[in-house]
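Architecture and fold: a report
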Amino acid sequence: MIADLVAVFLFIGVIAYSLLGGADFGAGFWDLTAGGAERGRRPRHLIDTSLGPVWEANHTWLVYCLVFLWTGFPTAFTAITTTLYLPLGIAALGIVLRGAGFAFRKATLRTREQRVYGAAFAASSVLTPYCFGSIAGAIASGRVPTGGDGDAVGSWLNPTSALGGVLAVLVCAYLAAVYLNAAARQQGAPALERWFRDRALLASVLTGVVSVAGIFVLRQDAPRLFHQLSHRALALVVLAALCGLATVLLLLRDRRTGLRVLATAAVALVVLGWGVAQYPYLLGTHLRIDAAASPDATLKVTIGVAIVAGLLIFPSVGLLLLLAGRGRLRPGAQEDLPGPGPSPRDS
């Protein structure tokens, strides 16, 4: 029972990172596809001003997940890191390059250097979530052996991992487009609002198409996961689909009430469905949660620390996101977007 509770705390971190870190990565995807220096100037500026105050806080959830995994379930942590060290290493490198590119691009005045740092930020924003998605696919399909030291290549270069990687990139892009659409509306930039609305619609359609195609992939490559998603976790999958469809309808009708809540719920339900489908195994098809757990004394301390940290951190993160959403943390907010230059629609 206590091991299951620790697993719940761990998965709360996974969901939080999927939503907050995912939107962060998705913003980098739109930075990459925004176009040339002049055409993409205003979307990139909105991305910079929206991410600047919160991007470091978003990725603290990754540290939370890693700490909970190695403290609460050291056997699973060892198995994952000794098998999936290649995508984990690439993802870690991507996070470092991404952060450096984001910081240096804002501090650099020369256009050539801005392009180099911007390319590092944008490219790693796609590569990193793909690697995380492929890791999830490897775990869910049972390709990580309990003893570790599994196939370093085949474990994450397979159909289920490819599906997970592509879905991770698309879901991140979808979340970011919805959030940035709302940010553009708050800043009074209708052209940017339409620009991100169109991309949110595109990302949602592509995500739906890939999800439908993924049914056939999982049926052949990860039969246990497919069975559980279509039985035990079916209600969550259906709810996620309904939230996604509702988001599309709101975007088509240019409505904003509840838009971000529905988009967030759609993604959270998908991730939760994965967890429910995988239960009671940590490694997809083997290694039960109770078998991988640390001694009860360690688990109790871990839960206590998590509760205390939550009481301190959740209000702080909530206040940070609230102030950032209202534009209170953007220096020179009145000069952000109305400046000269063609709108994204006109370019």
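As the structure is a computational prediction, the values presented were derived from the model and not from experiment.

So, the packing of helix α2 (residues 41–51) against helix α6 (residues 85–107)
Where α2 contacts α6, the two axes come as close as 12 Å, and the packing angle between them is 110°. Relative to α6, α2 is oriented roughly perpendicular. Crossing hand, α2 versus α6: left-handed. Residues Arg44, Asp48 and Leu51 of α2 touch α6, and the partners they reach there are Arg98, Phe102, Arg105 and Lys106. A breakdown of the residues in the contact of α2 with α6 according to their chemical character gives two nonpolar, no polar and five charged.

Observations regarding the confidence of the model for the protein chain
Residues of the protein chain with pLDDT of at least 70 account for 92%, and the chain-wide mean is 88. Put simply, helix α3 (residues 55–58) is where the protein chain has its lowest mean pLDDT, 72, and helix α5 (residues 74–83) is where it has its highest, 97. A low-confidence stretch, residues 332–343 (pLDDT under 50), is modelled with 22 contacts involving residues beyond four sequence positions or located in other chains.

Focus on the pattern of salt bridges
In this structure the tally under the stated criterion is nine salt bridges. A salt bridge links Glu38 to Arg41, with the nearest nitrogen and oxygen atoms 3.9 Å apart. With a relative accessible area of 34%, Arg41 lands in the partly exposed category. Its salt-bridge partner being Arg143, residue Asp221 comes within 2.7 Å of it at the nearest N-O pair. Placement of Asp221 in helix α9 (residues 190–221) and of Arg143 in the loop between α7 (111–140) and α8 (159–186) is noted, with a sequence separation of 78 residues between them. What makes Arg143 partly exposed here is its relative accessible area of 24%. Connected through salt bridges with shared partners, the residues Arg185, Glu193, Asp254 and Arg256 form a single ionic network.

Quick notes on the rules
Residues numbered from 1 in each chain as written. Predicted model: local features only at pLDDT ≥ 70, side-chain atom pairs only at ≥ 80, totals over all residues. Heavy atoms only, no water. Axes fitted to C-alpha atoms, helices over the stretch in contact; angles between N-to-C directions. Helix = DSSP H or I, 4+ residues; strand = E, 2+ residues; numbered from the N terminus. Parallel < 35°, antiparallel > 145°, perpendicular 65-115°, else oblique. Left-handed = near helix turned anticlockwise from the far one by under 90°. Contact = heavy atoms within 4.5 Å. Nonpolar A, V, L, I, M, F, W, Y, C, P; charged D, E, K, R; others polar. pLDDT = per-residue confidence, 0-100. Salt bridge = Lys/Arg side-chain N within 4 Å of Asp/Glu carboxyl O. Buried < 20%, exposed > 50% of the residue type's maximum accessible area, 1.4 Å probe, protein only.

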